[in-house]
Amino acid sequence: MKKLAVLLMSIGLFVSSCSSNDNNDNDNGGGKQDVSIIGKWELTKRGNILNGTELLLPITPEGGCSNDQIDFLENGNYKEIQYEYVNSKCKEYNNDGTWSKSNNILKNKDVLNNEFIYEILRLDETTLRLKITNGNDNTIYALTEYTRK
C-alpha cells in the first residue's frame, strides 16, 4: 500500500511539458475564473474516482515528515520536494522539471524526460485537484489534491 501511495504521490507531483510557449495559466479548465497555478503547493489529499464519485483522504506523513510540495515557476519550470520516512528519519528527495497548462490539461516532464498528463478538476486560490487516468479505457483514476502554501 505504501508503494502505491508513493507512486501516486510521485505521479501527482511530476508535472511538465517540453514547451513552455503553450502555457495558458489564466484558464482553470473551464475558463470560469482567472486563477494562476503558479506558486507553491502542498500535497494534502490522495484518492480516486469510484462510480463517478471522488474519494479523497487526507495525507498523514509518517514520522513527522512534511507533506510533499511542488512549486510551479513562471518560467515553465517546477521544483518538487518529496519526503519519505526511512530508518527513523525523514529523507528528502528533490525533483525538477518543466510544466505547461492549456485549459484544464496540465503536462509535466521530469528530469528523466518522463511526461505526465493530468486533468485539472479544480483550480482556485487555495486548491489544485488533479486527475490521472490509467490505461486506455479511462476507467481507473487517481486523484491528488494540493493546497496553496
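Per-chain numbering applies: the sequence of each chain, read as written, is numbered from 1 onward. Only residues with pLDDT of at least 70 are given local features in this predicted model, and only at 80 or more are side-chain atom pairs given and counted; all residues enter the totals for whole chains, interfaces and linings. Processing note: side-chain calculations cover all non-hydrogen atoms of the structure and skip hydrogens and water entirely.

1. Here we look at unusual backbone geometry
The phi angle of most residues is negative, glycine excepted, and most peptide bonds adopt the trans form. Phi is positive for Asn51, close to 50°, though the residue is something other than glycine. Secondary structure elements follow DSSP: runs of H or I of four or more residues count as helices, runs of E of two or more count as strands, with numbering from the N terminus. Along the chain, Asn51 turns up in the loop between β1 (39–50) and β2 (53–58).

2. Topic: the side chain of Lys101
The topology assignment puts Lys101 in strand β5 (residues 89–102). Residue burial is assigned from relative accessible area. The probe radius is 1.4 Å, only protein chains are included, and a residue is buried under 20% of its type maximum, exposed over 50%, and partly exposed in between. Classification of Lys101 by relative accessible area gives buried; the value is 0%. Think of a polar contact as two N or O atoms within 3.5 Å of one another; within protein, one of them needs to be a possible hydrogen donor and the other a possible acceptor, and neighboring residues in sequence only count if both atoms come from side chains. Of note is the side chain of Lys101, whose polar atom sits 3.3 Å from the backbone oxygen of Asn103.

3. Digging into the state of the cysteines
To count as a disulfide, a pair of cysteine sulfur atoms needs to be within 2.5 Å. Going through the model one piece at a time under the given rule, you end up with one disulfide. Across the disulfide from Cys65 sits Cys90; the S-S distance is 2.1 Å. With the S-S dihedral at roughly -110°, the linkage between Cys65 and Cys90 falls on the left-handed side. In this pair, Cys65 is assigned in the loop between β2 and β3 (69–72) and Cys90 in strand β5, connecting sequence segments 25 residues apart. We classify Cys90 as partly exposed; its relative accessible area is 39%.

4. Regarding the pairing of strand β6 (residues 105–110)
Strand direction decides the pairing type here: β5 and β6, joined by six bridges, are antiparallel. Bridged to Ser100 within β6 is Lys107. Here a strand pair is declared whenever DSSP counts at least two bridges between the two strands. The turn joining β5 and β6, which pair antiparallel and follow one another in sequence, is formed by two residues; a positive phi near 55° is taken by Asn103. Both β6 and strand β7 (residues 115–123) contribute to a ladder of five bridges, which runs antiparallel. Looking at β7, one finds that Leu106 is bridged to Tyr118. Hairpin connection, β6 to β7: the antiparallel pair is bridged by four residues, and Asn113 has positive phi, about 70°.

5. Things to note about the confidence of the model for the chain
Here pLDDT means the predictor's own confidence in every residue, given as a number from 0 to 100. Here the chain averages 80 in pLDDT, and 73% of its residues register 70 or above. When mean pLDDT is taken per element in the chain, β3 scores highest with 98 and helix α1 (residues 2–13) scores lowest with 39. Contact definition: two residues touch when any of their heavy atoms are within 4.5 Å. Across residues 1–32, where pLDDT falls below 50, the model places 97 contacts with residues more than four positions away in sequence or in other chains.

6. A word on the pairing of β2
Sheet topology note: the β1/β2 ladder contains six bridges and is antiparallel. Pairing of Asn48 across the sheet is with Leu55, part of β2. The turn linking β1 back onto β2 is made up of two residues, and Asn51 within it adopts a positive phi angle of 50°.

7. Concerning the packing of aromatic side chains
Ring pairs are drawn from Phe, Tyr and Trp, using the six-membered ring of Trp, whenever the two centres fall within 6.5 Å, and their geometry is named by plane angle: stacked under 30 degrees, edge-to-face over 60, tilted for the rest. Tallied over the entire structure, the rule returns one aromatic pair. An angle of 75° between the planes, with centres 5.6 Å apart, marks the rings of Phe72 and Trp99 as edge-to-face. Placement of Phe72 in strand β3 and of Trp99 in strand β5 is noted, with a sequence separation of 27 residues between them. The pair Phe72 / Trp99 is uniform in exposure class, with both members buried.

8. Concerning the pattern of salt bridges
Put simply, a salt bridge is a Lys or Arg side-chain nitrogen that is within 4 Å of an Asp or Glu carboxyl oxygen. Considering all chains together, one arrives at five salt bridges under this definition. Across the pair Glu119 and Lys131 runs a salt bridge whose closest N-O atoms are separated by 3.0 Å. Residue Glu119 is found in strand β7, and its partner Lys131 is found in strand β8 (residues 127–134); the two are separated by twelve residues along the sequence. Look at Glu119 and you get partly exposed, because its relative accessible area is 26%. Relative accessible area serves as the criterion here: at 13%, Lys131 is assigned to the buried category. Note that Glu145 is salt-bridged to Arg129, the shortest N-O span being 2.6 Å. Of this pair, Glu145 sits in strand β9 (residues 140–148) while Arg129 sits in strand β8, and the two are 16 residues apart along the sequence. We note that Glu145, like Arg129, is buried. Salt bridges here are not isolated pairs; linked through shared partners, they connect Lys45, Glu54, Arg129 and Glu145.

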